[in-house]
Amino acid sequence: MEMEKNHKILFEPLKIGPKTTKNRFYQVPHCNGMGHRWPRTMAEMRGVKAEGGWGVVCTEECSIHPTSDLTPATLMRLWDDSDLPVHELMINKVHEHGALAGIQLVHNGQSVSNYLSRMPALAPSPCPTETANSTQARGMDKEDIKVLRRWFREAAIRSQRAGYDIIYVYAAHGIMTLLYQFILKRYNQRTDEYGGSLENRVRLVREILEDTKDAVGQDCAVAFRFAVDELLGEDGMHPAEAEDIVGTLAEVPDLWDVNVADWGNDSLPSRFGVEGAQEKYIKFVKGITTKPVVGVGRFTSPDIMASQINRGVLDLIGAARPSIADPFLPKKIQEGRSNEIRECIGCNMCTTGDYVAYPMRCTQNPTMGEEWRKGWHPEKIPLAKSKDTILVVGGGPTGLEATLALSNRSYDVTLAEARNEMGGRVLSETKLGPLRQWKRVADYRTSMLSNRSNVDSFTQSKMDVDAILELGANHVAMATGSKWRLDLLGIHHRFKDVKIHAPMMISPEQIMLGHTPTDHVLIFDDDHYYLGSALAEQLAELGLKVTLVTPAPEVSGWTHFSLEYEHIQIKLRELGVTIICNHGIAQIGDGFVDLSCVFVGTKQRVEVNTVVPVTSRISQDDLYYKVLARRQEWQDNGIKSVTRIGDCYAPGTIAMAVYAGHEFARNLDMPINADIPFRRENDFELGRSWQGFKT
Ligand code: ADP
Ligand code: SF4
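Reference entry: report on the structure contained in this document. Fair warning: this is a prediction, and the values are worked out from it, not measured in the lab. (Residues numbered from 1 in each chain as written. Chains lettered and ligands numbered in written order. Predicted model: local features only at pLDDT ≥ 70, side-chain atom pairs only at ≥ 80, totals over all residues. Heavy atoms only, no water.)

### Some details on the overall build of the protein chain
Alright, step 1. Helix and strand content of the protein chain: 22 helices and 29 strands.
Alright, step 2. For 695 residues, the compact-globule formula gives about 26 Å, and the C-alpha radius of gyration of the protein chain, at 27 Å, lands near that figure.
Alright, step 3. Each of the three principal axes of the protein chain carries a C-alpha extent, and together these read 80 × 65 × 50 Å.
Alright, step 4. The burial tally for the protein chain puts 62% of its 695 residues in the buried class.
Alright, step 5. Taking the contacts inside the protein chain whose residues are at least 6 apart along the sequence as the reference set, 73% of them involve residues at least 24 apart. (Helix = DSSP H or I, 4+ residues; strand = E, 2+ residues; numbered from the N terminus. Rg over C-alpha atoms; globule rule 2.2 N^0.38 Å. Buried < 20%, exposed > 50% of the residue type's maximum accessible area, 1.4 Å probe, protein only. Contact = heavy atoms within 4.5 Å.)

See below:
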């Protein structure tokens, strides 16, 4: 197929300082939870993106010195030459496919733990560190500033030696970077030439930009990542100040990488913003500088990308999440296969990897993070080892992904779904307004399956044991999902010890299917992720009085990691939802709920009409056990295996469901070490195989 004419502009080369990128697809620096701890995992992941057509592929933030130690987070480091092999590994993978490699050097100032280095943190002015562990950052004196400039220069030279093409000076993402802390009034109370006026607050960043250009500018492009707005009004970086800064530094860097702060506004969850949401903040930049500008906006539509360039908003289409969800996005556009793009849903499961310090995963892309350790490629999959046929029961995210991946392997697959539409929990959950865009999980897969000659898919086809035996597929995958419990059993209520007036109870699924309770609803959230607050938001929007109760000290606590937390808190308060934390349930009576303080057991009565418990789920595995019970009939019907997968096996996130479906398809007929089904990395292994790596 041919590329669409109006997308051609996305494939025009562009000069960035002394380097030229082959196209306009630019993977901006993004964290991944792999970094220095799982370097092969990280390098392969970046290499696959280069293979997928991204013209530029950058690292995550890379600490330049042990005073900027983010332990336990797993990011890149460039403290001395012993870190170089990790970088070389990645650079080689990126260069192999003709992409430019960029590195985002950083000192995190007061936003560090220094748990590993045990060195005092640095800041423009004395202040507590962001770790909130009773530790202060030291206000930097002039000598410290001189030394800091040396560290940056040395890191830039090391980056050049390693082979990077683009070297970043980084002042963005709110409190996260020392150079931004110098620029921002609220962190910089200095009275010398590095504090006070805007010119003074920008001085350090200017010096480091000039030092970097002086040190490596002949060979490497120097990029400046700058957040033009913190969305805090005059209290933070705001448009007037940002315009002055872009004006004063306009021609200093070779590339402007611009965004909004903090990270939760930059990687805005789809629940709170649409594609291209940053345009209104960053569009002024191109009017001030002649240097190329890159920006992000969860871009997945090539038409919108082309329009960004045609309208002079951006020169390069920056992407973190869209490149994670589909590393082959550029190639698909180039080959006229835009309809095959696996679009990011904006759930931010990927950002949790950085926060929780594990290798990143993606809801849409099950191969993300598995490129090296399992050898999973997003576009290639081993062909079937046999002519076996497969029946997949259940068309939720697990069943859909299993069917797609099995079909890609060229197996003949029958997919049977009881409801009148595919999608399972995704179909239900996206009936809640806030989660609308997550429907892409089902849409991508149903659209990819629509013309497959080796797939028969049926809706309104509830399977029972007889139907399964009769169909006689060689392998049966039970992807029949799970259901939310009504008995409150969860993290807080471990035993079924709460007296419950059953007619008061409504399940989350019933709300999703359109059952609207009356008057006053109490949602009991012991799940702590998105669903409790999404239900509260939906019901409050419908005009109901909503009380959200949780045994945790905060609502939706896990969403800290998906960057939804602050947005959720604001939204719930805007909608007038009553929030009660640190409470379990003592009893649910007719028209009331008695809450119980988790610390001292003090009771509190709330009069409500309905209770929606979001505590835990039960696997829908009855059918699986019924089929097992008739094992003696399998052989006559051609059945070789019956396997539970996804939520039917172990309820989890949508990301886990998609992953489970993919894993089933990958592993079928393959020799897999079930005990440890992935390759591991450790220092010994690295020390042995990398020249120059010191153990
Ligand atoms: P998962 O997240 O593992 O995909 P879901 O709950 O999203 O699980 O999806 C399970 C799907 O299985 C639902 O769409 C449900 O309608 C379907 N299902 C459950 N039991 C049967 C059955 N006996 N026959 C066909 N489909 C079924
Ligand atoms: Fe997008 Fe979610 Fe994947 Fe992140 S995890 S890239 S937000 S689909």
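### Focus on the site of ligand 1
Alright, step 1. Within the structure, ligand 1 sits among 23 residues, and T398, E417, R425, M463 and D647 are positioned closest to it.
Alright, step 2. A distance of 2.6 Å separates an oxygen atom of ligand 1 from a polar side-chain atom of E417.
Alright, step 3. The backbone of A479 places a nitrogen or oxygen atom 3.4 Å from an oxygen atom of ligand 1.
Alright, step 4. In isolation ligand 1 exposes 580 Å². Once the protein is present, 90% of that is buried.
Alright, step 5. Among the secondary structure elements, those contributing two or more residues to the shell around ligand 1 are α13 (397-408) and α14 (424-429).
Alright, step 6. Each residue belonging to the shell around ligand 1 can be placed in one class, and the counts come to eight nonpolar, ten polar and five charged. (Near = heavy atom within 4 Å. Polar contact = N/O pair within 3.5 Å; in protein donor to acceptor, adjacent residues only side chain to side chain. Areas by Shrake-Rupley, 256 points an atom, 1.4 Å probe, with all protein chains shown as cover. Nonpolar A, V, L, I, M, F, W, Y, C, P; charged D, E, K, R; others polar.)

### Topic: the packing of aromatic side chains
Alright, step 1. Tallied over the full model, the rule gives 15 aromatic pairs.
Alright, step 2. Geometrically, the ring pair formed by F25 and W54 is edge-to-face, given 5.8 Å between the ring centres and 90° between the ring planes. Of this pair, F25 sits in strand β3 (residues 25-27) while W54 sits in the loop between α1 (39-51) and β4 (56-63), and the two are 29 residues apart along the sequence. Each member of the pair, F25 as well as W54, is classed as buried.
Alright, step 3. With a centroid separation of 6.3 Å and 70° between ring planes, the pair formed by F226 and W256 is classed as edge-to-face. One end of the pair, F226, is in strand β11 (residues 221-229); the other, W256, is in strand β12 (residues 255-260), and 30 residues separate them in sequence. Across the pair, exposure class does not vary: F226 and W256 are buried alike.
Alright, step 4. In textbook terms, an aromatic cluster arises when at least three aromatic residues are bridged by ring pairs, as seen for W263, Y355, W438, Y529, Y530, W558 and F561.
Alright, step 5. Over the aromatic face of W372 sits the side chain of R679, whose NZ or CZ is 4.1 Å from the ring centroid. (Phe/Tyr/Trp six-rings, centres within 6.5 Å; stacked < 30°, edge-to-face > 60°. Lys NZ or Arg CZ within 6 Å of the ring centre and 35° of its normal.)

### Overview of unusual backbone geometry
Alright, step 1. With an omega of 10°, the peptide bond running from T71 to P72 counts as cis.
Alright, step 2. Here P72 shows up in the loop between β4 and β5 (76-77).
Alright, step 3. Of the consecutive residues A261 and D262, the connecting peptide bond is found in the cis state with omega at -5°.
Alright, step 4. For D262, the location among the structural elements is in the loop between β12 and α7 (263-266).
Alright, step 5. Located in the positive-phi region is R298, a residue other than glycine, with phi close to 45°.
Alright, step 6. Here R298 lies in the loop between β13 (293-295) and α9 (302-310).
Alright, step 7. Residue classification places R298 among the buried residues on the basis of a relative accessible area of 4%.
Alright, step 8. Notably, Q460 is not glycine yet its phi reads approximately 50°, a positive angle.
Alright, step 9. The exposure class assigned to Q460 is exposed, which follows from its relative accessible area of 61%.

### So, the pattern of salt bridges
Alright, step 1. Under the defined criterion, the tally for this structure stands at 43 salt bridges.
Alright, step 2. A salt bridge links K19 to D165, with the shortest nitrogen-to-oxygen separation between them at 3.3 Å. Within this pair, whereas K19 is found in strand β2 (residues 19-21), its partner D165 is found in the loop between α3 (142-162) and β10 (166-171), the two being separated by 146 residues in sequence.
Alright, step 3. Judged by relative accessible area, K19 falls into the partly exposed class, the value being 21%.
Alright, step 4. A network of salt bridges, in which partner residues are shared, links R425, E429, R617 and D647. (Salt bridge = Lys/Arg side-chain N within 4 Å of Asp/Glu carboxyl O.)

### Some thoughts on the site of ligand 2
Alright, step 1. In the vicinity of ligand 2 there are 13 residues, among which C344, C347, N348, C350 and C362 approach most closely.
Alright, step 2. At three residues, the largest contribution of residues to the shell around ligand 2 is made by helix α10 (residues 321-325).

### Brief notes about the environment of R452
Alright, step 1. Positionally, R452 belongs in the loop between α15 (440-449) and β17 (455-458).
Alright, step 2. Once the C-alpha coordinates of R452 and E2 are considered, the two residues, 450 residues apart in sequence, prove to be 21 Å apart.
Alright, step 3. The residues contacting R452, other than those within four sequence positions of it, are L404, S407 and N408.

### Digging into the nonpolar core
One broad trend across soluble globular proteins is that nonpolar side chains are buried collectively.
Alright, step 1. If you look at the biggest cluster of nonpolar residues, it comprises 95 residues, and the most contacted ones within it are L105 and F226.
Alright, step 2. Formed by 58 residues, the second largest nonpolar core is a distinct cluster that contains Y358, V392, M512 and V521. (Core = buried A, V, L, I, M, F, W, Y, C linked by side-chain atoms within 4.5 Å.)

### Considerations on the side chain of E230
Alright, step 1. Following the sequence through the fold, E230 ends up in the loop between β11 and α6 (239-249).
Alright, step 2. A distance of 2.8 Å separates polar atoms of two side chains, one belonging to E230 and the other to R186.
Alright, step 3. When neighbours within four sequence positions are excluded, E230 is seen to be in contact with G174, Y180, L184, R186, G236, M237, A261 and N265.

### Some remarks on α15
Alright, step 1. Among the ten residues that make up α15, seven are buried, leaving the element largely enclosed by the rest of the structure.
Alright, step 2. Taken as a whole, α15 has its buried residues at R440, V441, A442, Y444, R445, M448 and L449.
Alright, step 3. The inward-facing, buried residues of α15 contact α13, α14, β17 and α21 (654-667).

### Some details on the environment of A221
Alright, step 1. Take A221: it is sitting in strand β11.
Alright, step 2. According to the relative accessible area criterion, A221 is buried, its value standing at 0%.
Alright, step 3. Distance from A221 to I167, taken between C-alpha atoms, is 6.2 Å for residues 54 residues apart in sequence.
Alright, step 4. With near-sequence residues (within four places) excluded, A221 lies in contact with I16, P18, K19, D165, I166, I167 and D254.

### Quick notes on the packing of helix α2 (residues 84-95) against α3
Each pair of packed helices gets described by two things: the angle between the helix axes and the distance between those axes.
Alright, step 1. At a minimum axis distance of 9 Å, the contact between α2 and α3 shows a crossing angle of 45°. Considered as vectors, α2 and α3 are oriented oblique to each other. Read as a crossing pair, α2 and α3 show a hand that is right-handed. Contact with α2, carried on its side by L84, H87, E88 and I91, involves R158, R161 and A162 of α3 and no other residues of that element.
Alright, step 2. When its residues are assigned to classes, the contact of α2 with α3 shows three nonpolar, one polar and three charged. (Axes fitted to C-alpha atoms, helices over the stretch in contact; angles between N-to-C directions. Parallel < 35°, antiparallel > 145°, perpendicular 65-115°, else oblique. Left-handed = near helix turned anticlockwise from the far one by under 90°.)

### Focus: the state of the cysteines
Alright, step 1. Scanning all chains against the criterion turns up zero disulfides.
Alright, step 2. Here C581 stays free of any disulfide, with the sulfur of C597 as its closest cysteine sulfur at 11 Å.
Alright, step 3. The class of C581 is partly exposed, set by a relative accessible area of 21%. (Disulfide = S-S within 2.5 Å.)

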